[in-house]
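# Per-entry structural report
The lines below spell out each chain.
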Amino acid sequence: MRKIIVLSFITLDGVMQAPGGPEEDTSGGFTYGGWTVPYFDEFLGKLMAEQMSRPFDLLLGRKTYEIFAAYWPNHNEEGESLNKATKYVASRSTLQLEWSNSILLKDDVVEEIRKLKEQKGPDLQVHGSGNFIQTLLKHSLVDEFWLKIFPLTLGTGKRLFAEGSIPATFALNNLESSPNGVIVASYKRAGDFKTGSF
């Protein structure tokens, strides 16, 4: 069974919008794009290279697909693994899939994703795709989170855990921190949510 792994850069207050640049995603009047840049160092570069070096396919929302498709085909030296991966794209609207190895998920997207998980193949990595992640969370489809938590708050912007989350538990799989204070934590699904009392 294939796992769905969400890789996300987030702030302490959970914002994930436009980590890489000012023009990446300005929806909702967001003006803080590029907030990861001052913290990016050799440690994070090496970590990202390691995470991208294992076999994977991509599961993306429309907006992230369009951003990636406009950039990565022209930067194959650093994005070879992204360009080689099969890209499964969830979109409610018609979309031109010009990036190589791209497949549009049609009809019932949740059912299509469940089928993908049952197939043989590499794990499915989700990058960006803030709106789409809410659908994955709502249907308990996320198996792991690979988070980079940056030591800042923004107060506004799209959040990783927004409208789609339902109660679930995860176990800490790995924990590191960068010299610039970025916490790198991976979590894997651990079962059903439980409550208790003291």
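Look above for the structure.
Residues numbered from 1 in each chain as written. Predicted model: local features only at pLDDT ≥ 70, side-chain atom pairs only at ≥ 80, totals over all residues. Heavy atoms only, no water.

Another aspect to go through is the overall build of the chain. A tally of helices and strands in the chain yields five helices and eight strands. Mapped in sequence order, the helices and strands of the chain form the string β-α-β-α-α-β-β-α-β-α-β-β-β. For a compact globule of 198 residues, the expected C-alpha radius of gyration is about 16 Å, and the chain comes in at 17 Å, within 12% of that figure. Overall, the C-alpha framework of the chain stretches about 50 × 40 × 35 Å when taken along its three principal axes. Within the chain, contacts between residues separated by at least 24 positions form 70% of all contacts whose residues are at least 6 apart in sequence. For the chain, the accessible surface area stands at approximately 11,000 Å², while carbon and sulfur atoms represent 50% of it. Taking the average location of the 21 positive side-chain charges in the chain and that of its 24 negative ones, the two points are 6 Å from each other. (Helix = DSSP H or I, 4+ residues; strand = E, 2+ residues; numbered from the N terminus. Rg over C-alpha atoms; globule rule 2.2 N^0.38 Å. Contact = heavy atoms within 4.5 Å. Areas by Shrake-Rupley, 256 points an atom, 1.4 Å probe, with all protein chains shown as cover. Lys, Arg positive; Asp, Glu negative; His and termini not counted. Charge placed at Lys NZ, Arg CZ, Asp CG, Glu CD.)

What follows covers the sheet that holds strand β8 (residues 183-191). In spatial order, the strands read β4-β3-β2-β5-β1-β6-β8-β7; together these eight strands make up an open sheet with mixed pairing. Looking at which strands have only one partner, the edges of the open sheet turn out to be β4 (102-105) and β7 (169-177). Each strand axis lies, on average, 25 degrees off the axis of its neighbour in the sheet, ignoring direction. Packing of helix α2 (residues 62-71) onto the sheet brings it into contact with β2 (56-61), β3 (87-90), β4 and β5 (123-127), and relative to β2 it is tilted by some 120 degrees. Along the sheet face, helix α5 (residues 130-138) touches β1 (4-11), β2, β3, β5 and β6 (144-150) and points at about 105 degrees away from the line of β2. (Pairing = 2+ DSSP bridges. Axes fitted to C-alpha atoms, helices over the stretch in contact; angles between N-to-C directions.)

Attention shifts here to the environment of I166. Looking at where I166 falls in the secondary structure, it is placed in the loop between β6 and β7. Between the alpha carbons of I166 and Q134 there is a distance of 9.6 Å; along the sequence they are 32 residues apart.

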